[in-house]
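In case you want the letters, here they are:
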Amino acid sequence: MVTPVDIFRRKKCVLYSKAYDYTMALRETFNGGGSESSVMARYKAPYLLALDEYHEVKDTDFTGPALERLIDYRHQNGKPTIIIANYSPAALEAHLGPAIVSRIHLCGTIITCDWQSYREINYSPGK
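Presented here is an overview of the structure given in this document.

Definitions and cut-offs
- Residues numbered from 1 in each chain as written.
- Predicted model: local features only at pLDDT ≥ 70, side-chain atom pairs only at ≥ 80, totals over all residues.
- Heavy atoms only, no water.
- Helix = DSSP H or I, 4+ residues; strand = E, 2+ residues; numbered from the N terminus.
- Contact = heavy atoms within 4.5 Å.
- Areas by Shrake-Rupley, 256 points an atom, 1.4 Å probe, with all protein chains shown as cover.
- Expected span 1.5 Å × (residues − 1).
- Buried < 20%, exposed > 50% of the residue type's maximum accessible area, 1.4 Å probe, protein only.
- Core = buried A, V, L, I, M, F, W, Y, C linked by side-chain atoms within 4.5 Å.
- Phe/Tyr/Trp six-rings, centres within 6.5 Å; stacked < 30°, edge-to-face > 60°.
- Lys NZ or Arg CZ within 6 Å of the ring centre and 35° of its normal.
- Axes fitted to C-alpha atoms, helices over the stretch in contact; angles between N-to-C directions.
- Parallel < 35°, antiparallel > 145°, perpendicular 65-115°, else oblique.
- Left-handed = near helix turned anticlockwise from the far one by under 90°.
- Nonpolar A, V, L, I, M, F, W, Y, C, P; charged D, E, K, R; others polar.
- Arc of directions from axis to C-beta.

**Quick notes on the overall build of the protein**
Then step 1. Within the protein one finds 7 helices and 3 strands.
Then step 2. Ordering the α and β elements of the protein from the N terminus gives α-β-α-α-β-α-β-α-α-α.
Then step 3. Along the three orthogonal principal directions, the C-alpha set of the protein runs to about 45 × 35 × 30 Å.
Then step 4. Pairs at least 24 residues apart make up 71% of the contacts formed inside the protein by residues separated by at least 6 positions.
Then step 5. As displayed, the protein has an accessible area near 8700 Å², and 54% of this comes from carbon and sulfur atoms.

**Considerations on helix α4 (residues 63-76)**
Then step 1. Along its 14 residues, α4 runs 20 Å from first to last C-alpha, staying within 8% of the 20 Å computed at 1.5 Å per residue.
Then step 2. Among all positions of α4, only Thr63, Gly64, Ala66, Leu67, Leu70, Ile71 and Arg74 are buried.
Then step 3. Residues of α4 that are buried make contact with α2 (19-28), α3 (36-44), β2 (48-52), β3 (81-83) and α6 (98-107).
Then step 4. Immediately beyond the C-terminal end of α4, within one or two residues, lies Gly78, with a positive phi of roughly 65 degrees.

**Here's the deal with the nonpolar core**
Then step 1. Counting residues in hydrophobic clusters, the biggest one holds 21 residues, and the most contacted among them are Tyr22, Leu26, Tyr43, Leu51, Leu70 and Leu96.
Then step 2. Elements with a minimum of two residues in this core: α2, α3, β2, α4, α5 (89-96) and α6.
Then step 3. When neighbours within four sequence positions are excluded, Tyr43 is seen to be in contact with Leu15, Ser17, Asp21, Tyr22, Leu49, Leu51, Leu70 and Arg74.

**Overview of the packing of aromatic side chains**
Then step 1. Evaluated as defined, the whole model comprises 2 aromatic pairs.
Then step 2. The ring of Tyr73 carries the charged tip of Lys44 above its face, separated from the ring centre by 4.4 Å.

**Description of the packing of α2 against α3**
Then step 1. Where α2 meets α3, the axes come as close as 8 Å, and the angle between the chain directions of the two elements is 160 degrees. When the axes of α2 and α3 are compared, the pair comes out roughly antiparallel. Every pair of crossing elements has a handedness; the one defined by α2 and α3 is right-handed. The residues of α3 that touch α2, namely those facing Asp21, Tyr22, Ala25 and Leu26, are Glu36, Val39, Met40, Arg42 and Tyr43.
Then step 2. Residues of the contact of α2 with α3, tallied by class, amount to 6 nonpolar, no polar and 3 charged.

**Notes on α6**
Then step 1. What α6 keeps buried is the set Ile100, Val101 and Ile104. Seen along its axis, α6 keeps its buried residues to an arc of 100 degrees; they face one direction. Residues of α6 that are exposed and point over 90 degrees away from its buried face: Pro98, Leu106 and Cys107.
Then step 2. On its buried face, α6 is in contact with α4 and α5.

Next up, the structure:
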């Protein structure tokens, strides 16, 4: 298992992105805003990819397959991918679909973080 320290020491490239930003960058290619392959390359290239706020992505005939292709590529090339979402494990699995879920169960795991939000703990109106 590669640790964060290993990633730092080996000078591995890491990309943190909102999942929505990935799908929006792909959609912009429809109107001549770059090429789909260049957007895909940007997300395929890093050793570690963290896709945050996966729950914000609307499941459509476009977004589901686009995310599945990305995750499949990264899985096939041994590149770890972190998917962060405000879903229960069952809801996350239902949203991701069987292809991605099978890859998670093959060589990954779902970690449930069910504690109170740090933002909620530290939110104080009027400060």
